[in-house]
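What follows is the residue order along each chain.
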Amino acid sequence: MTTTHDFSGKAVLITGAGGGIGRATALAFAKAGARLMLSDIDLAAVEETASLARAQGGEATARQVDVTREAEVAAMVAATVAAWGRLDCAFNNAGIEIETTLITEADESVYDRIMGVNVKGVWLCLKHELRQMVAQGRGAIVNTASVAGLKGAPRLATYGASKHAVIGLTKSTAAEFGKKNIRINAVCPGVIRTPMAQRWAQVDPEIPARMAALHPIGRIGEPEEVAATVLWLCSDAASFVTGHSQTVDGGFTAI
Ligand code: NAD
């Protein structure tokens, strides 16, 4: 997939960049000329993404960050600014699923972990990214929500609640920071071919066919298709788009 956006010299931060959607987006930004601060809780995975980005001629730094830890998030933003003097775009993408039971059987620790990574993680990233973007007078942020943030998600009650919360954070911060020249949007993927979707598929061999059937386009999505939307939302082509939750779902939410 090609992109026509030009991010030459822009400083871009991505969380959950070790695989799937985060890695595909890192590589798309690298092709578009961005300077990348790539983070993940899995250092080896994010180092691999950074070397793939560098192989494409991009500038990329890999960093181990757990988005649930404020000191690590603050240090990640500070390191971006120390390296490049600013933070132009951020993609708050790290997220986990780990939910395998109905709420009646669920352990409280599963709720705490999902909410910790998917909601508090995005909240912490927004807090520190926005401080920098306010100081420099502009910026663009995309948060990864999900179609599970727009509709009910049976057997994924906690995950669905966490992604609805990401959309709430996106709308509220967009309203708060619009006049500061900062746009904040969310991307809502359908089922995308990533390690996360592979883990869902392992639960039952019939799941891949059922997943494909959920999308009127007749297949699940590719991470590069989400990446293309993230780049558009971060680009000046989307200069009047903020507080929006953009589906990339092959029509999943159209039916
Ligand atoms: P993935 O599991 O391939 O990637 C998620 C990345 O986040 C991993 O590299 C993981 O190590 C990292 N991560 C997990 N916990 C972290 C933490 N505490 N701090 C920092 N990094 C952490 O999954 P993916 O499918 O690429 O998911 C990316 C995002 O897209 C997630 O927010 C997910 O909820 C969302 N999403 C995925 C799908 C899908 O079908 N794959 C659909 C809708 C939304």
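This text goes with the structure placed above it.
Residues numbered from 1 in each chain as written. Predicted model: local features only at pLDDT ≥ 70, side-chain atom pairs only at ≥ 80, totals over all residues. Heavy atoms only, no water.

1. Looking at the overall build of the chain
For clarity, the cut-off: Working definition: helices are DSSP H or I runs of at least four residues, strands are E runs of at least two. Numbering for both runs from the N terminus. Using C-alpha atoms as the atom set, the radius of gyration is obtained and then compared with a globule rule of 2.2 Å times the number of residues to the power 0.38. Working definition: with a 1.4 Å probe on protein chains only, accessible area under 20% of the residue-type maximum means buried, over 50% means exposed, and in between means partly exposed. Contacts were defined at the residue level, with two residues in contact if any of their heavy atoms lie within 4.5 Å. Shrake-Rupley sampling with a 1.4 Å probe provides the accessible areas, and residues are treated as covered by the protein chains on show and by no other component.
Helix and strand counts for the chain come out as eight helices and seven strands. Since a compact globule built from 255 residues should have a radius of gyration of about 18 Å, the 17 Å found for the chain is in line with a globular shape. Taken over the C-alpha atoms alone, the chain extends approximately 50 × 35 × 35 Å along its principal axes. By the burial criterion, 51% of the 255 residues in the chain qualify as buried. Restricting to contacts in the chain with at least 6 residues of sequence separation, those with at least 24 account for 72%. Just so you have it, the chain exposes about 11,500 Å², and 55% of that area is on carbon and sulfur atoms.

2. Some points on the site of the ligand
Heads up, the condition is: The near set for a molecule or strand comprises every residue that places at least one heavy atom within 4 Å of it. Side-chain atoms alone can form a polar contact between residues adjacent in sequence; in general such a contact is a pair of N or O atoms within 3.5 Å, and within protein one must be able to donate a hydrogen while the other accepts it. Amino acids outside the nonpolar list (Ala, Val, Leu, Ile, Met, Phe, Trp, Tyr, Cys, Pro) and the charged list (Asp, Glu, Lys, Arg) are all regarded as polar, and Gly is one of them.
Near the ligand you find 30 residues, and of these Asp-40, Asn-93, Tyr-159, Ile-192 and Thr-194 are the closest. Ile-41 places a main-chain nitrogen or oxygen 3.3 Å from a nitrogen atom of the ligand. Here an oxygen atom of the ligand sits 2.8 Å away from a polar atom, N or O, in the main chain of Ile-192. Within the residue set of the shell around the ligand, elements represented by two or more residues are helix H1 (20-31), helix H4 (108-136), helix H5 (157-177) and helix H6 (195-202). Ranked by residue count, the leading element in the shell around the ligand is H6, at four residues. Residues that form the shell around the ligand fall into these classes: 15 nonpolar, 10 polar and five charged.

3. Brief notes about the sheet that holds strand S3 (residues 59-64)
Selection criterion: The pairing criterion is simple: DSSP has to find at least two bridges between the two strands. Axis definition: a line fitted to C-alpha atoms, limited for helices to the stretch in contact. Angles are taken between N-to-C directions and run from 0 to 180 degrees.
Pairing is parallel in the open sheet, where seven strands are placed in the order S3-S2-S1-S4-S5-S6-S7. The outermost strands of the open sheet, each flanked by one partner alone, are S3 and strand S7 (245-248). On average, each strand axis in the sheet is tilted by 20 degrees relative to the strand beside it, whichever way the strands run. With six bridges connecting them, strand S2 (residues 35-40) and S3 associate as parallel partners.

4. Section: empty space enclosed by the protein
Applied cut-off: Buriedness of a pocket was judged along seven lines, with at least five required to meet protein on both sides within 12 Å; pockets are open sets of points on a 1 Å grid over the protein atoms alone, cavities are sets where a 1.4 Å probe fits but cannot get out, and lining residues have an atom within 4 Å of a point. Grid points are joined across faces, edges and corners, and a volume is the space filled by probe spheres set on the points.
Across all of its chains, the model carries one cavity of 30 Å³ or more by this definition. Along its surface, the largest cavity is lined by Thr-15, Val-67, Asn-92, Asn-93, Ala-94, Val-117, Gly-121, Val-122 and Cys-125. Of all the elements, H4 adds the most residues to the lining of the largest cavity, at four residues. For the lining of the largest cavity, the residue count by class is five nonpolar, four polar and no charged.

5. Observations concerning the environment of Asn-185
Considering the arrangement of structural elements, one finds Asn-185 in strand S6 (residues 182-189). Residue classification places Asn-185 among the buried positions, given a relative accessible area of 0%. Through-space distance from the C-alpha of Asn-185 to that of Ala-161 is 18 Å; in sequence the pair is 24 residues apart. For Asn-185, the residues in contact, after removing those within four places along its chain, are Ile-141, Val-142, Asn-143, Thr-170, Leu-233, Val-241, Thr-242, Gly-243 and His-244. A distance of 3.3 Å separates a polar side-chain atom of Asn-185 from the backbone nitrogen of Gly-243.

Nothing here speaks to function; it is all geometry.
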